Amino acid sequence: MLVSVLEGRPLEPGGAAVRLPDLQFARKGEAIALSPENLAPGLDVHALPRPVALTAPEDAREAEGESGKGAATAGGYLAFKVPLVEGDRLSLGLEVRAFPPGGDRSVPISALTLHFFRQDDAWRLDAPPAALSS
């Protein structure tokens, strides 16, 4: 999922490109800021197709405060939601989150949700990606 979002490519051959609205707000220099929370065990961020900087949410908030540019430009980061598994179904969510000016809690400014089903020993996309932006 993360590779598809970073490259803007389909999850499956012949599928639609995966786009996460507002991804640009998670940029931290040349890298994309990514919260380490809820990451798949063993994920090698150095093997990803674009530079990714593991960034704790509180560090993103501090970056926003230092820049003076507002939450959406410097305080944004990507964050995976807790995966939801129900039998042979799996839901994965990825959000762009940011701190409102003066806020102490981040809020989602856009999100992407993917639903999968288990077929044999693999997870298959169950429906087109659902994205929203506020």
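Structure's up top.
Residues numbered from 1 in each chain as written. Predicted model: local features only at pLDDT ≥ 70, side-chain atom pairs only at ≥ 80, totals over all residues. Heavy atoms only, no water.

### Some thoughts on the packing of aromatic side chains
Scanning the entire structure with this criterion turns up one aromatic pair. Consider the rings of Tyr77 and Phe99, whose centres lie 6.4 Å apart with planes at 35°: the pair is tilted. Of this pair, Tyr77 sits in strand S4 (residues 77–80) while Phe99 sits in the loop between strand S6 (89–98) and strand S7 (107–119), and the two are 22 residues apart along the sequence. (Phe/Tyr/Trp six-rings, centres within 6.5 Å; stacked < 30°, edge-to-face > 60°. Helix = DSSP H or I, 4+ residues; strand = E, 2+ residues; numbered from the N terminus.)

### Focus on the side chain of Asp22
Assignment of secondary structure puts Asp22 in the loop between helix H1 (2–7) and strand S1 (27–28). In this structure, Asp22 is buried with no salt-bridge partner, the nearest side chain bearing the opposite charge being Arg27 at 11 Å. A polar side-chain atom of Asp22 sits 3.5 Å from a polar atom in the side chain of Ser110. Engagement of the side chain of Asp22 in a polar contact is seen with the side chain of Ser133, the distance being 2.6 Å. Once you skip the residues sitting within four places of it in the chain, Asp22 turns out to touch Val96, Ile109, Ser110 and Ser133. (Buried < 20%, exposed > 50% of the residue type's maximum accessible area, 1.4 Å probe, protein only. Lys, Arg positive; Asp, Glu negative; His and termini not counted. Salt bridge = Lys/Arg side-chain N within 4 Å of Asp/Glu carboxyl O. Polar contact = N/O pair within 3.5 Å; in protein donor to acceptor, adjacent residues only side chain to side chain. Contact = heavy atoms within 4.5 Å.)

### Things to note about the pattern of salt bridges
Applying the stated criterion to the full structure yields three salt bridges. The salt bridge partner of Arg9 is Glu7, with a shortest N-O separation of 2.5 Å. Assessed through its relative accessible area of 36%, Arg9 is described here as partly exposed. The shortest N-O distance in the salt bridge between Arg89 and Asp126 comes to 3.0 Å. Placement of Arg89 in strand S6 and of Asp126 in the loop between strand S8 (122–125) and strand S9 (130–133) is noted, with a sequence separation of 37 residues between them. Judged by its relative accessible area of 39%, Arg89 falls in the partly exposed class.

### Focus on the nonpolar core
Counting residues in each nonpolar core, the largest one holds 24 residues, and the members touching the most others are Leu2, Val5, Leu20, Leu78 and Leu94. Contributing elements (two or more residues each) for this core: H1, strand S2 (31–34), S4, S6 and S7. Once you skip the residues sitting within four places of it in the chain, Leu94 turns out to touch Met1, Leu2, Val5, Leu20, Leu78, Ala79, Phe80, Ser110, Ala111 and Leu112. Counting residues in hydrophobic clusters, the runner-up holds five residues, among them Ala60, Tyr77, Ala79 and Phe99. (Core = buried A, V, L, I, M, F, W, Y, C linked by side-chain atoms within 4.5 Å.)

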